[in-house]
Structure formats: C-alpha cells, structure tokens
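Chains, contacts and geometry: an overview
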Amino acid sequence: MSDEEHHFEAKGDAGASKTYPQQAGTIRKNAYIVIKNRPCKVVEVSTSKTGKHGHAKCHFVGIDIFTGKKLEDIVPSSHNCDVPHVNRTDYQLIDISEDGFVSLLTETGGTKDDLKLPSDESLLSQIKDGFAEGKDLVVSVMSSMGEEQICGLKDIGPK
C-alpha cells in the first residue's frame, strides 16, 4: 500500500450529462433528439414494420435548434436514442455592444455578457429596433449540450 496522497483536479462542472437515453419507439413529434451530435427538434417520425431480421425502425427528421439545419436519422425502435437536456431561460436585455454581444440581467441580479446576437435576421432586427426605441425587452435563451442562443423576444413595455 502506498502512503501518497491523491490529488484530484476540479473540472468545473458537476459531471451532469448533456443527454439522457430514451427508447427510440417512444420519441414523438416536437420532442428533442440528438442527431449527428446536434440537439434537434423532431418534426417528423415514421416507423417501418419489422422486417425479416426483426427490428422495427424509426425514421426521425429533426431541425437543429441552433442552426436550423435539417438532419435525419434511422434507429431501431427498441434501441435507445440520446435526448438532449434543453433549457429555456428568460433574461432582461440591458445593453447591446458594438461587437454583437448582448448584456443580460439574470434572475439573481448579475449580468450575463457571453451571448452573441442571434443570426436570425428578423429576430435580430426586432431586438435592435426595440432596444433603439428604449423598450424593455426580455429575451428567451435556449441552452443545450453546452451551447446557448437567443431564440425569442418579449416586449414588456416602455422603460
């Protein structure tokens, strides 16, 4: 036996998984699924009959929740698929910097300054125009698998 002490480095997160398993046959339209390592919202599910080798297959068509790209996957219905943990949080918009980053007010009163403006043109113009008019704006931020992006906007009235 050794008398040496073991030192473990803290990695920063608690090791919570970015995904959880779910049987492919139980995943429905409008649910979330991981296709090609991207979190996607399922827009179409079709199930094929069991063939002579015995597995019914599920054909998923999903839209990447961050890029909007369409992705497809075929999985045996008895197998597990990865389902991403998707969180949606609302923050109040404080400021927009020149380099395209936003400053958001968190629930605890702190600021969150690491998010870029969305790439979606209509949402981008709504945020910029509303902010220029001095409106109080609340943005919805969707986060999944270590990525975050502004996905919605609410106007809570003038300041």
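Residues numbered from 1 in each chain as written. Predicted model: local features only at pLDDT ≥ 70, side-chain atom pairs only at ≥ 80, totals over all residues. Heavy atoms only, no water.

When you go through the protein chain residue by residue, the secondary structure sums to one helix and 11 strands. Start at the N end of the protein chain and walk to the C end: the helices and strands fall as β-β-β-β-β-β-β-β-β-α-β-β. The burial tally for the protein chain puts 33% of its 159 residues in the buried class. Across the protein chain, contacts joining residues at least 24 apart in sequence account for 48% of those joining residues at least 6 apart. Of the roughly 10600 Å² that the protein chain leaves accessible, carbon and sulfur atoms contribute 49%. (Helix = DSSP H or I, 4+ residues; strand = E, 2+ residues; numbered from the N terminus. Buried < 20%, exposed > 50% of the residue type's maximum accessible area, 1.4 Å probe, protein only. Contact = heavy atoms within 4.5 Å. Areas by Shrake-Rupley, 256 points an atom, 1.4 Å probe, with all protein chains shown as cover.)

Here helix α1 (residues 121–132) spans 16 Å end to end across 12 residues, near enough to the 16 Å set by a 1.5 Å rise per residue. Listing the buried residues of α1 in full gives L123, L124, I127 and G130. Down the axis of α1, the buried set is contained in an arc of 145°. They therefore lie on one face. Exposed residues pointing more than 90 degrees away from the buried face of α1 are listed as E121 and A132. Backbone geometry just downstream of α1 places G134 in the positive-phi region, at approximately 80°. (Expected span 1.5 Å × (residues − 1). Arc of directions from axis to C-beta.)

Moving on, we get to the sheet that holds strand β3 (residues 38–47). One open sheet accounts for four strands, arranged β2-β3-β4-β5; its pairing is antiparallel. The sheet terminates laterally at β2 (32–35) and β5 (70–76), the two strands that pair on one side only. Averaged over all neighbouring strand pairs, the angle between strand axes comes to 45°, with direction disregarded. Bridging between β3 and strand β4 (residues 57–64) involves seven bridges; their strand directions are antiparallel. In the strand pairing of β4, K41 is matched with I63. (Pairing = 2+ DSSP bridges. Axes fitted to C-alpha atoms, helices over the stretch in contact; angles between N-to-C directions.)

Below, the discussion takes up the side chain of S143. Position of S143 among the secondary structure elements: in strand β10 (residues 135–144). Judged by its relative accessible area of 17%, S143 is buried. Once you skip the residues sitting within four places of it in the chain, S143 turns out to touch F66, H85, V86, N87 and E148.

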